[in-house]
Amino acid sequence: MSLEASVGDKRRSPVGGMPRRLDIAAFGAMGLSVAVTVLIGLLGPSAMVPRLPGPSWQPPYSLDVPVSAHLVIAMGAAAIVLGGLGLAAALRSRWRPEARWLLMAGCATAGLLAFLPPSGSADHLNYAAYGRLVTLGQDPYAITPALLPHDPVTGAVEEWAEVTSVYGPVATAVQALASLVGGDSVRLTVFVMAVVNAAAFIGTALLLHRFARGDEELRGRAALLWAANPLMIYHLGAGMHIDTLAIACMVAALTVRGAASGLLLGVGIGVKLNAGLVALGPAWELRRSPGRLAVVAGTATATVVAIYALAGPHVLDQVSAASKKVSLATPWQLVKVGFQSLFGPGAYSAWIQIGSLLLMVCLAWLLLRALPAGTASGDTAPAVAAAMVVAWLFAAPYALPWYDGLAFALLAMASWPALEGFMVARVAVLSLGYLPAREALRPEDLLWMKTLLREQVVPWTLLALTIVLVCWAARAPGRARRRRASAAPRP
């Protein structure tokens, strides 16, 4: 047997052996993180997870044990820290439970969370309001929820009441369907969307498990990065963000071929426009097959055009406005403040957009050069897509922690351990910066969590992490060449 074949067999062998204390601690921390996440929803109502309007017999349900906002925020911090540390250690562990057990545990948790009040942010209220506007004959891309303050659903929106929808037409269609079922009950409307969210999360987990069939190591990592990932359970399971649906479409698109792949890519872009970066993966993989590339690209383009044309030309107005924003927890907030101190008041959005684009191109190029060994001869689409999405996440002026779910799903298909570490660190740090994400309900004595943690500590930490990522990516090809040279048989 050749050295290359033996290395490949070793890489694809099941993770086994006896667990060490560190292994037990890692998976214990992950389990405790998930338990705390479930407990946050189960304990409500609280100041941070208020009871949803609607008949009490309708789901979601809780134990109705009032707890303070401070305790809920502390529990959120514990879930993030335990989840991040546990996940980072578990990914490096030589032992882990069988992938199917991790898969079943994660899917069961996602299903349970659908019956509990969403936590982490108030985005589910926005979703319900946009769907309600559609069922009332209004256009959520032109009318804000604030214009119907007395409606029980649109009137429940918190800080985004005066903002039109930033989501794609497919997302709006799902929201409208939930509103048709829920009527004037916020509670029932949110539950319908939670069921869709849980189905998308579980569907993605099953697709990733199937994608990695025949490779137990990859199956285990896929389960850790998605189904049993406590940080994704916290944001996408308990937080119920529409990103989960876009991710499901994109993962499905990478598991099929031809026109079906293009159709799913188009639907995913119809959920959230930025998910379109994933399409660069299949495009790269098919670059030497013009016919197949034309089928996928043509189908995807036709699907996107049809979806957005049905919604009208103004559907991208809010997306265009949002692209000029800078979120407080990104390094670009530091750049913005620096520009303002040097050149006077102003948004400086054009300068920041140019800088962001240059950083994204540079980082994408470096990551493509650092693709994992063996990718060139295998399924390149997930790895290339992961490189593009990670570059966008680190370079984007506006980023929220649940955006990172797309990168985790792609890395679950790509087997790129080094980049996984960067993403775990990034989402954990960014998550701490958005405690609480429900800005309107934050206790006054915790203002420092915004002014110090979100606006200072997190941006500087992410800046340092970005610099380290650039340096690592720049040196990765050289390290790979040295490893290949040392592994080559000597004459």
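## With respect to the pattern of salt bridges
Point 1. Scanning the model with the defined rule gives 13 salt bridges in all.
Point 2. Glu420 is paired through a salt bridge with Arg221; the nearest N and O atoms lie 2.4 Å apart. One end of the pair, Glu420, is in helix 19 (residues 417-433); the other, Arg221, is in helix 8 (residues 216-227), with 199 residues separating them in the sequence. Neither residue differs from the other here; Glu420 and Arg221 are each classed as buried.
Point 3. For Lys450, the salt bridge is made with Glu439, and the minimal N-O distance between the two is 3.9 Å. Of the two residues, Lys450 is situated in helix 20 (residues 448-487) and Glu439 in the loop between helix 19 and helix 20; the sequence distance between them amounts to 11 residues.
Point 4. A relative accessible area of 25% means that Lys450 is categorised as partly exposed.
Point 5. Residue Glu439 is classed as partly exposed on the basis of its relative accessible area of 21%.

## Some remarks on the packing of helix 2 (residues 21-43) against helix 3 (residues 69-92)
Point 1. Relative to each other, helix 2 and helix 3 sit at 155°, their axes nearing to 7 Å. If you check the angle between helix 2 and helix 3, you find them roughly antiparallel. The element helix 2 and its partner helix 3 pack so that their crossing is left-handed. Along the contact surface, helix 2 presents Ala26, Phe27, Ala29, Met30, Leu32, Ser33, Val36, Thr37, Leu39, Ile40 and Leu43, while helix 3 presents Val72, Met75, Gly76, Ala79, Leu82, Gly83, Gly86, Leu87, Ala89 and Ala90.

## Notes on the layout of surface pockets
Point 1. In this model, the second largest pocket occupies a volume close to 1,300 Å³.
Point 2. For the second largest pocket, the lining is made up of 45 residues, of which Val166, Ala322, Tyr398, Leu400 and Tyr403 are closest to its centre.
Point 3. Residue assignment for the lining of the second largest pocket shows that the elements contributing at least two residues are helix 5 (123-135), helix 14 (317-322), helix 16 (349-369), helix 17 (381-395) and helix 20.
Point 4. Classifying every residue of the lining of the second largest pocket gives 26 nonpolar, 11 polar and 8 charged.

Procedures and definitions
Counting of residues starts from 1 at the beginning of each chain's written sequence and follows it residue by residue. Two thresholds apply to this predicted model, a pLDDT of at least 70 for residue-level local features and 80 or more for giving and counting side-chain atom pairs, whereas whole-chain, interface and lining totals are computed over all residues. With hydrogens and water excluded, all non-hydrogen atoms of the structure serve as input to the side-chain values. Salt bridges, as used here, are contacts in which a Lys or Arg side-chain nitrogen is within 4 Å of a carboxyl oxygen on Asp or Glu. The way it works is that DSSP assigns letters per residue, a run of H or I at least four long becomes a helix, a run of E at least two long becomes a strand, and they are numbered from the N terminus. Working definition: with a 1.4 Å probe on protein chains only, accessible area under 20% of the residue-type maximum means buried, over 50% means exposed, and in between means partly exposed. Helix axes are fitted to C-alpha atoms over the stretch in contact, other axes to C-alpha atoms as well, and angles between N-to-C directions run from 0 to 180 degrees. These descriptions rest on fixed angle ranges, namely under 35 degrees for roughly parallel, over 145 for roughly antiparallel, 65 to 115 for roughly perpendicular, and the rest for oblique. Less than a right angle of anticlockwise turn of the near helix away from the far helix marks a crossing as left-handed, whereas a clockwise turn marks it as right-handed. Should any heavy atoms of two residues lie within 4.5 Å, those residues are counted as being in contact. Cavities and pockets are defined on a 1 Å grid built over the protein atoms alone: a cavity is a set of grid points where a 1.4 Å probe fits but cannot escape, while a pocket is an open set with protein on both sides within 12 Å along at least five of seven lines, and lining residues are those with an atom within 4 Å of any such point. Grid points are joined across faces, edges and corners, and a volume is the space filled by probe spheres set on the points. We call Asp, Glu, Lys and Arg charged. Ala, Val, Leu, Ile, Met, Phe, Trp, Tyr, Cys and Pro are nonpolar, and the rest, Gly among them, are polar.

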